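# Coordinate inspection notes
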Amino acid sequence: MKPLIISDVDITHSRLVDLTKLADQARPFYDWIESRFQRHLLRETPLDEILRTASKGEIKSAILECYSAEREVNLPLVFDGIGRSYPHSKACYYMFSWLYVTHLSKG
């Protein structure tokens, strides 16, 4: 495999394509969270903007709204590295952790 260098770091990994596919499969869950936040906070803006502009209290209440949906039918799924789906509460935990790391920790 040819090295993939970004900012002087070799990010070549034999499973990178597989992991990218798993990340793409999480898109419906991200979209579900976005729509849940929009409905709960009565906003039509993208999730990224909501996370940048909402108060901590608003974000907390929207997160709790997502967790409370655990018993709803047809919830989107999030998968681990070998394709097993996570329980809803763990999917929420991982997705919100990822959102924090990629969005909120920057500012």
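Note: the structure precedes this text.
One numbering rule holds for all chains: residues counted from 1, following each sequence as written. Only residues with pLDDT of 70 or above have their local features reported here, since the model is predicted, and side-chain atom pairs are shown and tallied only from 80 upward, although totals for entire chains, interfaces and linings are computed over all residues. As a convention, hydrogens and water are excluded, and side-chain values are obtained from all of the structure's heavy atoms.

### A closer look at helix α5 (residues 88-102)
For clarity, the cut-off: Strands here mean DSSP runs of E at least two residues long; helices mean DSSP runs of H or I at least four residues long; both are numbered from the N terminus. Multiply 1.5 Å by the residue count of a helix minus one, and that product is the helix's expected span. The rule is simple: take the accessible area with a 1.4 Å probe, protein chains only, and divide by the maximum for that residue type; under 20% is buried, over 50% is exposed, in between is partly exposed. Here the arc refers to the directions that run from the helix axis out to each C-beta atom. We call two residues in contact whenever any of their non-hydrogen atoms come within 4.5 Å of each other.
Compared with an ideal rise of 1.5 Å per residue, which puts 15 residues at 21 Å, α5 spans 21 Å between its outermost C-alpha atoms and is within 8% of the ideal. Among all positions in α5, only His88, Ala91, Cys92, Met95, Phe96 and Leu99 are buried. Taken end-on, α5 shows its buried residues confined to a sector of 120°, consistent with a single buried face. Lining the buried residues of α5 we find α2 (27-41), α3 (47-53) and α4 (56-67).

### Observations regarding the side chain of Asp80
To be explicit about the condition: Any N or O atom pair separated by 3.5 Å or less is treated as a polar contact, with the protein-specific requirement of one donor-capable and one acceptor-capable atom, and with residues adjacent in sequence counted only for side-chain atom pairs.
Inspection of the secondary structure puts Asp80 in the loop between α4 and α5. Here the side chain of Asp80 touches Ile82 through a polar contact of 3.0 Å, landing on its backbone nitrogen. Reaching out from Asp80, the side chain makes a polar contact with the backbone nitrogen of Gly83 at a distance of 3.0 Å.

### Brief notes about the packing of aromatic side chains
Under the convention used in this document: Two aromatic rings from Phe, Tyr or Trp, using only the six-membered ring of Trp, form a pair when their centres are within 6.5 Å; if the ring planes differ by under 30 degrees the pair is stacked, by over 60 it is edge-to-face, and anything between is tilted.
Scanning the model with the defined rule gives 6 aromatic pairs in all. Between Tyr30 and Trp98, the aromatic rings sit 6.2 Å apart at their centres with planes inclined by 80°, giving edge-to-face as the arrangement. Residue Tyr30 is located in helix α2, and its partner Trp98 is located in helix α5; the two are separated by 68 residues in the primary sequence. A centroid spacing of 6.1 Å and a plane angle of 35° characterise the contact between Tyr67 and Phe96, whose relative ring orientation is tilted. Of this pair, Tyr67 sits in helix α4 while Phe96 sits in helix α5, and the two are 29 residues apart along the sequence. When its relative accessible area of 11% is taken as the criterion, Phe96 is described as buried.

### Description of the nonpolar core
Quick note on the threshold: What is meant by a nonpolar core is a set of buried Ala, Val, Leu, Ile, Met, Phe, Trp, Tyr and Cys residues, joined one to another through side-chain atoms within 4.5 Å.
Counting 22 residues, the largest nonpolar core has Phe29, Ile33, Phe37 and Met95 as the members making the most contacts within it. For this core, the elements supplying multiple residues, two or more each, are α2, α3, α4 and α5. Top element by residues in this core is α2. It accounts for 6 residues. Those residues within four positions of Met95 in sequence are excluded, and the remaining contacts are Ala26, Phe29, Tyr30, Ile33 and Val78.

### A few points about α2
In this model, α2 (15 residues) spans 21 Å end to end at C-alpha, consistent with the 21 Å of a helix rising 1.5 Å per residue. Among the residues of α2, those classed as buried are Phe29, Tyr30, Trp32, Ile33, Glu34, Arg36, Phe37 and Leu41. Turning to α2, the residues buried within the fold contact α3, α4 and α5. One or two steps after α2, the chain reaches Leu42, where phi turns positive at roughly 55°.

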